[in-house]
Amino acid sequence: MKLIIQNGRVLDPGAGIDRIADLLVVDGRVAELAAAGSLAPQDAEVLEARGRWVLPGLCDLHVHLREPGEEYKEDLASGARAAAAGGFCTVVAMANTKPPIDNGELVARALERSASLGLCRVLPVGTVTAGREGKALAPFGELRRAGAVALSDDGAPVADAQLLRRAFEYARDFDLPILSHAEDPRLSLAGQMHEGAVSTRLGLTGIPSVSEEVAVARDIALAEYTGGRLHVQHLSTARAVELIRAAKARGVRVTAEVTPHHFTLTAEAVAEYDTAAKVMPPLRDESDRRALIAALADGTADAIATDHAPHSSIEKDVPFAEAAPGLIGLQTALPLALDLWRQGHLPLETVITRLTSGPAAVLGRQASLAVGSVADLVLVDPEAGWSLNDETNQSKSRNTPFWGRGLTGRVEATILAGRLVYARSRSPIWLGAG
Ligand code: DOR
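Residues numbered from 1 in each chain as written. Predicted model: local features only at pLDDT ≥ 70, side-chain atom pairs only at ≥ 80, totals over all residues. Heavy atoms only, no water.

**Some remarks on the nonpolar core**
Okay, so step 1: The biggest cluster of nonpolar side chains holds 109 residues, and the ones touching the most others in it are Val-91, Val-232, Leu-235 and Phe-263.
Okay, so step 2: Among residues more than four places away in sequence, those in contact with Leu-235 are Glu-212, Ala-240, Val-241, Ile-244, Ala-256, Glu-257, Val-258, His-262 and Leu-292.
Okay, so step 3: Ranked by size, the runner-up nonpolar core spans 18 residues in total, among them Ala-21, Val-54, Leu-377 and Leu-379. (Core = buried A, V, L, I, M, F, W, Y, C linked by side-chain atoms within 4.5 Å. Buried < 20%, exposed > 50% of the residue type's maximum accessible area, 1.4 Å probe, protein only. Contact = heavy atoms within 4.5 Å.)

**Quick look at the pairing of strand E14 (residues 254–258)**
Residues in a regular strand project their side chains so that they alternate between the two faces of the sheet.
Okay, so step 1: The buried fraction of E14 amounts to five of the five residues, a majority that puts the element mostly inside the structure.
Okay, so step 2: Here E14 shows no split at all, with Val-254, Ala-256 and Val-258 on one side and Thr-255 and Glu-257 on the other all buried.
Okay, so step 3: Two elements, strand E13 (residues 230–232) and E14, share three bridges in a ladder whose sense is parallel. By the bridge assignment for E14, His-231 is matched with Thr-255.
Okay, so step 4: As a crossover connection, the stretch from E13 through helix H7 (residues 238–250) into E14 is right-handed.
Okay, so step 5: Of the pairings in the sheet, the one linking E14 to strand E15 (residues 303–304) comprises two bridges and is parallel in character. Following the sheet pairing, Val-258 is matched in E15 by Ile-304. (Helix = DSSP H or I, 4+ residues; strand = E, 2+ residues; numbered from the N terminus. Pairing = 2+ DSSP bridges. Right-handed = clockwise from strand over helix to strand, strands pointing away.)

**Details of the site of the ligand**
Okay, so step 1: Surrounding the ligand, one finds 14 residues, the nearest of these being Arg-66, Asn-96, Met-280, His-311 and Pro-325.
Okay, so step 2: The side chain of His-64 places a nitrogen or oxygen atom 3.4 Å from an oxygen atom of the ligand.
Okay, so step 3: With respect to the ligand, the side chain of Arg-66 contributes an N or O atom lying 2.8 Å from an oxygen atom.
Okay, so step 4: Surface burial for the ligand is 94%, taken as the share of its 290 Å² of free accessible area covered by protein chains.
Okay, so step 5: The class makeup of the residues in the shell around the ligand is four nonpolar, seven polar and three charged. (Near = heavy atom within 4 Å. Polar contact = N/O pair within 3.5 Å; in protein donor to acceptor, adjacent residues only side chain to side chain. Areas by Shrake-Rupley, 256 points an atom, 1.4 Å probe, with all protein chains shown as cover. Nonpolar A, V, L, I, M, F, W, Y, C, P; charged D, E, K, R; others polar.)

**Focus on the side chain of His-308**
Okay, so step 1: Checked against the element boundaries, His-308 lands in the loop between E15 and helix H10 (313–316).
Okay, so step 2: Classification of His-308 by relative accessible area gives buried; the value is 1%.
Okay, so step 3: One polar contact links His-308 to Glu-74, side chain to side chain, over a distance of 2.8 Å.
Okay, so step 4: Ignoring sequence-local partners within four residues, the contact set of His-308 consists of His-62, Val-63, His-64, Glu-74, Leu-327, Ile-328, Gly-329, Leu-330 and Ser-395.

Below is the structure:
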């Protein structure tokens, strides 16, 4: 099977590639990068990419696909379709399903089902604790053998420091990172949104920044003490960024992610009691948002991750205090990340790195267009305007404050191991067999 993507701007900062070129894919791998217009299309399918970027397939370290148990919100098929439409070839699926992914059989089932769908590479996470109950450790060896790539009780922290210490030691032996939802449950007790001026004005109970900072400090201390690998999820505060920056400088094995909603929005987004903007951790202050962008700029944050968290109207069309936290993010991540470049906050190479090789490296994987790499790639029209609406949305859910908003930068096609898994339209870019 041959595929030529012709005349695109091939952009892969990790491999030092930025040039207008033809890219040849043979049997699912990048076979050649040649001068634009130089590859003869005999026996090959051809994608015309003039005016478009050709990037490595994006990698998302944080999605909730809700299968098994809450398929009315999302399932592996709809989640994978949303991922492919967002340019993601690899997504890391959280374990807070119903039941939670706390044994090898559930990991194997997720892998088999997503492989048979063939739309996106879904990498399952196993829980840290059995049943996600925070009482006893899950069987890490069994989870790892079945294909789990990391461990997390995401949605809730592991509150018991002794249990987490043992988890780091045990996970270290299997070389699995622990993805930490860093929150002190006592400090954020019953909180609805960020504790600050907006929560006071709205009369909602606040979640103080220090709830995250206490947990990040504890997790870093435990990772440092045990030599385990810590990945801090959905960073939201300036002080948490400082803690990670200092830990990295000391050589602690810590990585971190920032979500598009935390680097784009602040607590003001909640001002109309908009439940679409209710997330955990909450949207914070402008100074936090600026610090998160700085963390992405200097590599303190390795990755942009969506925390794609679908909920239905049952959980969201209710009073703010009763609404479930979370928003969908797979299809809006790339345009929101590109805004950081457009607004002059980050160089384009940094934006692409934090969506591709940065997150892949957290898992010891690669996302590259270098010759010989698996041909996971995405074609992007950087100037196209669009919006997420009932026509474009691929998720089963529509809970996002970015619904209907103007976005710039559109995924035109996504290719997974050399196969077209998403095309916005079959023409004009798809030229078919040569
Ligand atoms: O907003 C969130 N939603 N944060 C989490 O940590 C969990 C997630 C979910 O599962 O809905």
